[in-house]
Amino acid sequence: MDLSELNQIKERELAARKKYTLRCCMAAGCMSSNAESVKEELEKAVTEAGLGQEVEVRGVGCMRLCCEGPLVQADPDGILFEQVDPDAAKSIIAALKGGKAKARLGNPQSPFFTQQKSIVLANSGIVDPERIESYIAADGYQALYHVLRELDPNEVVTEMVTSGLRGRGGAGFPVGLKWGTVAKSPGAKKYVVCNADEGDPGAFMDRSVLESDPHAILEGMAIAAFAVGADQGFIYARAEYPLAIDRLKKAIKQAKAKGLLGAGIFDSPFNFTVDIRIGAGAFVCGEETALMMSIEGRRGTPRPRPPFPAESGLWGCPTLINNVETLANVAPIIRNGGEWFAGIGTEKSKGTKVFALAGKIKNTGLIEVPMGTPLRTIVEEMGGGAPDGGTIKAVQTGGPSGGCIPAHSLDTPVDYESLGKLGSIMGSGGMIVMDQDTNMVDVARFFMEFCMDESCGKCIPCRAGTVQMHHLLDKIMDRKATARDLQKLEELCDMVKSTSLCGLGQTAPNPTLSTLRFFRNEYEERLQPDVFGPRGNGKPAKTKASA
Amino acid sequence: MAAITLTIDDKQVSAEDSQSVLSIAQEQGIAIPTLCHLEGVYDVGACRLCLVEVAGVNKLLPACTTKATEGMVVRTDTERLRKYRKITLELLFAERNHVCAICVANGHCELQTMAYNQGMDHVRYDYCFPKWDMDLTHERFGMDHNRCILCARCVRACWHIEGAGTKNVAGRGARSHIITDMFQPWGEAESCTSCGKCVMACPTGALFERGSTTGEMQRDRTTLEFIVTAREKKQWIA
Ligand SMILES: Cc1cc2nc3c(=O)[nH]c(=O)nc-3n(C[C@H](O)[C@H](O)[C@H](O)COP(=O)(O)O)c2cc1C
Ligand code: SF4
Ligand code: SF4
Ligand code: FES
């Protein structure tokens with residue numbers, strides 16, 4: 001493969017475009033509401049109407065407004081059909097010629113769509129994720145060519161530093177710095193790992209990116225590998241994502257066949273292969289050191305850092321590990337330049353962030369917004385506020401490691417620093433909206449139960465501490481706790497946060513701490529007078545902690 | 001290997017740069033509490049009792065897995081650390097069934113000693129009272145899961161000193177437990193060489209020699225150290 005061949009594929013693909021394109025969402029959300037039959041029926045209807053020369057029916061990735069699926073969008077006019085029934089296929093085809101479609105019309109001009117800025121999701125909903133040609137037509141693999149033939153690894157790292165991109169897996173570590181460290185780490189063998197474990201309850205950004213644009217991840221990984229000097233990549237995906245894994249497998253096969261993975265890519269001395277490793281769906285295996293243990297075939301438990309993976313990762317070799325969304329930003333940054341990327345977002349948080357919007361909100365689905373967008377814009381304008389005349393009470397970000405932002409702070413811009421100041425985190429992008437009926441102690445208990453179940457059990461504070469914190473939250477929920485118990489809970493939160501071995505335990509108290517900070521009254525109104533106090537009967541309530 | 005100097009609890013000490021903070025402190029007679037650390041096998045930083053404060057680092061670091069660096073300023077015995085250590089021990093006692101009065105290791109138990117030393121006189125948390133079994137299928141040794149603190153010392157001794165790989169951890173979170181082979185009863189674990197190193201390694205009454213009385217439960221930790229020193233340094237001294 002060389003540049004002219006790549007361009008040829010692109011031109012051929014563009015030349016084959018038809019007058020009308022019906023883009024059908026083929027991501028897991030819509031697939032679960034029968035999108036496959038919708039696409040089949042549309043194809044049938046096109047053939048029956050004899051419009052094969054004029055109309056293309058294309059399976060594409062996520063079109064974002066998941067709650068209204070299956071979604072179909074008709075180009076060139078961009079007419080959006082929602083909740084499409086397979087039976088409506090004929091009428092939709094007829095609608096292209098001015099007829100009336102028997103499907104609900106969506107509004108592509110609503111703030112849900114217009115407030116989005118697509119970098120990571122630029123191809124999502126446009127490109128056919130199962131055809132490499134479709135990706136190449138959208139300038140796919142151009143960045144890889146540029147990097148391999150026109151830059152040296154140092155320049156690639158510099159470009160990433162300029163971009164200001166920070167890791168999207170949760171911690172927000174500067175990507176350029178990490179790449180530079182791995183590049184400088186001595187070692188003949190190095191690895192690049194894509195973290196596609198996505199274990200936060202309610203989060204599905206990474207899944208959508210993998211299902212919608214798998215080649216973008218492969219291209220990002222290849223560029224990263226060139227920059228740090230690796231020749232082997234692993235994608236660690238959870239077994240619960242069969243569609244994403246299937247599309248990745250297809251993408252790897254196609255890229256290999258076209259010489260975009262393998263030996264001597266673009267006639268350069270650069271070799272790169274990618275393999276998929278499938279995890280059994282343990283949350284802790286998203287933690288980088290546990291993930292690498294799992295890839296090595298061992299029990300997925302974290303180990304103390306340092307040494308960091310950049311120095312000693314897979315099989316003791318320097319290893320670069322990045323999140324799916326992080327890697328999806330790479331090719332666009334190389335194509336458009338680090339300066340371009342740095343011009344988007346806020347001073348310390350550059351670019352965009354993808355969120356999975358869920359919970360008590362009208363429009364649920366996938367959104368990508370520039371960093372610094374106020375939460376209010378996301379929740380009220382794009383999300384359409386709480387359904388059925390409800391009022392929003394809080395927004396949870398960062399899943400089991402994050403916190404709840406109360407409604408009065410909705411003007412907070414979403415960036416790493418602002419969310420951190422409110423005791424929450426950006427996290428990987430789960431955003432759960434809660435309304436007036438949500439009990440915040442229950443929310444804290446839910447996330448604590450999650451952490452308790454997902455704790456790997458290696459270190460004592462997390463293994464035994466989450467059990468006790470959960471038990472105390474249970475007691476508070478059941479109105480059996482006293483002020484003393486609340487004090488114990490707070491003490492344990494501090495202790496587990498400060499002493500746990502890995503990020504799971506270190507952040508497990510966050511949802512409790514943040515609800516205590518903003519909704520303390522909900523805890524206090526459930527407390528019983530201390531039995532040893534003036535109104536107690538002198539007998540401590542007997543309860544038993546259980547995991 | 002280069003010589004470095006650092007400060008531990010206001011005491012200036014010199015050490016080699018490959019040494020862990022824990023080993024330096026031990027050389028200097030500064031006691032840092034440990035449970036998962038075992039002389040002779042690698043450290044895993046799991047029990048979190050050895051956490052220390054290092055100036056300029058906002059996280060607490062485990063002394064057993066933290067390499068000393070030039071000019072490091074370490075505090076091993078602050079009020080905050082003492083508080084956390086006590087809570088850690090309370091959590092352990094509440095987690096499984098540690099009934100010292102009827103335990104084979106009573107009087108020879110590192111957990112019990114640690115609790116005395118750290119001034120843990122009672123447990124403020126509700127006990128979990130989990131139901132765990134005993135494995136008495138091995139003819140010479142027994143395992144009582146009720147007393148296990150999951151330090152994995154037995155696992156490391158089994159894999160890295162004996163090289164048998166019989167013992168492992170299965171399950172996760174509070175359901176984690178020590179297994180033999182592929183979760184077979186110990187007596188049927190074919191890889192077990194009955195060397196007893198795991199029993200020597202165990203800090204509590206979880207692993208024991210069958211038929212021994214409480215008074216005989218002195219662990220022979222020096223044997224493990226002796227083997228490792230002999231193997232690695234080719235020296236026949238413990
Ligand atoms: C308990 C735990 C779970 C994690 N799960 C994920 C995950 O599912 N996906 C992910 O990308 N990072 C996850 N991380 C963060 C990774 O350890 C790591 O920081 C990240 O993959 C680095 O990539 P980035 O720099 O591109 O963000 C998790 C961390 C912890 C402590
Ligand atoms: S903090 Fe929890 S998940 Fe992390 S090592 Fe400790 S027990 Fe395992
Ligand atoms: S059996 Fe003993 S040595 Fe093994 S993990 Fe349990 S307490 Fe530690
Ligand atoms: S001895 Fe260091 S963590 Fe257990």
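Coordinates for the structure precede this section.
Scope of this entry: the structure provided in the associated data block.

Definitions and cut-offs
Residues numbered from 1 in each chain as written. Chains lettered and ligands numbered in written order. Predicted model: local features only at pLDDT ≥ 70, side-chain atom pairs only at ≥ 80, totals over all residues. Heavy atoms only, no water. Contact = heavy atoms within 4.5 Å. Buried area = accessible area lost by both parts, 1.4 Å probe. Salt bridge = Lys/Arg side-chain N within 4 Å of Asp/Glu carboxyl O. Polar contact = N/O pair within 3.5 Å; in protein donor to acceptor, adjacent residues only side chain to side chain. Helix = DSSP H or I, 4+ residues; strand = E, 2+ residues; numbered from the N terminus. Nonpolar A, V, L, I, M, F, W, Y, C, P; charged D, E, K, R; others polar. Near = heavy atom within 4 Å. Areas by Shrake-Rupley, 256 points an atom, 1.4 Å probe, with all protein chains shown as cover.

**Details of the interface of chain A and chain B**
Here's step 1: In this complex, chain A contributes 34 residues to the contact, which on the side of chain B involves 33 residues.
Here's step 2: Summed over both sides, the interface of chain A with chain B buries roughly 2,800 Å², with 55% coming from carbon and sulfur.
Here's step 3: Contact with chain B buries surface across chain A, with A:Ile460, A:Arg463 and A:Glu491 losing the most and accounting together for 21% of the total.
Here's step 4: Taking the shortest distance from any N to any O, the salt bridge between A:Lys475 and B:Asp126 comes out at 3.1 Å.
Here's step 5: At the junction of chain A and chain B, the tally comes to 20 residue pairs in polar contact (both at pLDDT 80 or more).
Here's step 6: When residues of the side of chain A that touches chain B are traced back to their parent elements, those giving at least two are helix 19 (440–454), helix 20 (460–477) and helix 21 (483–499) of chain A.
Here's step 7: For the side of chain A that touches chain B, the element with the highest residue contribution is helix 20 of chain A, accounting for 9 residues.
Here's step 8: Looking at the side of chain A that touches chain B residue by residue, the class counts come to 14 nonpolar, 10 polar and 10 charged.

**Describing the site of ligand 1**
Residue and element names in this part refer to chain A.
Here's step 1: Near ligand 1 lie 18 residues; those nearest to it are Gly-169, Glu-198, Asn-322, Asn-323 and Thr-326.
Here's step 2: Measuring from an oxygen atom of ligand 1, one finds a backbone N or O atom of Arg-168 at 3.3 Å.
Here's step 3: Gly-169 is positioned such that a nitrogen or oxygen atom in its backbone is 2.7 Å from an oxygen atom of ligand 1.
Here's step 4: Taken by itself ligand 1 offers 610 Å² of open surface, and the protein chains cover 89% of this.
Here's step 5: Looking at the shell around ligand 1, the elements with two or more residues in it are strand 9 (319–323) and helix 22 (503–507).
Here's step 6: With 3 residues, the single largest contributor to the shell around ligand 1 is strand 9.
Here's step 7: Of the residues assigned to the shell around ligand 1, the class counts are 3 nonpolar, 9 polar and 6 charged.

**Regarding the site of ligand 2**
Here's step 1: In the vicinity of ligand 2, 13 residues are found, and the nearest of them are A:Cys456, A:Cys459, A:Cys462, A:Cys502 and A:Gly505.
Here's step 2: Of the residues contributing to the shell around ligand 2, the split by class is 8 nonpolar, 4 polar and 1 charged.

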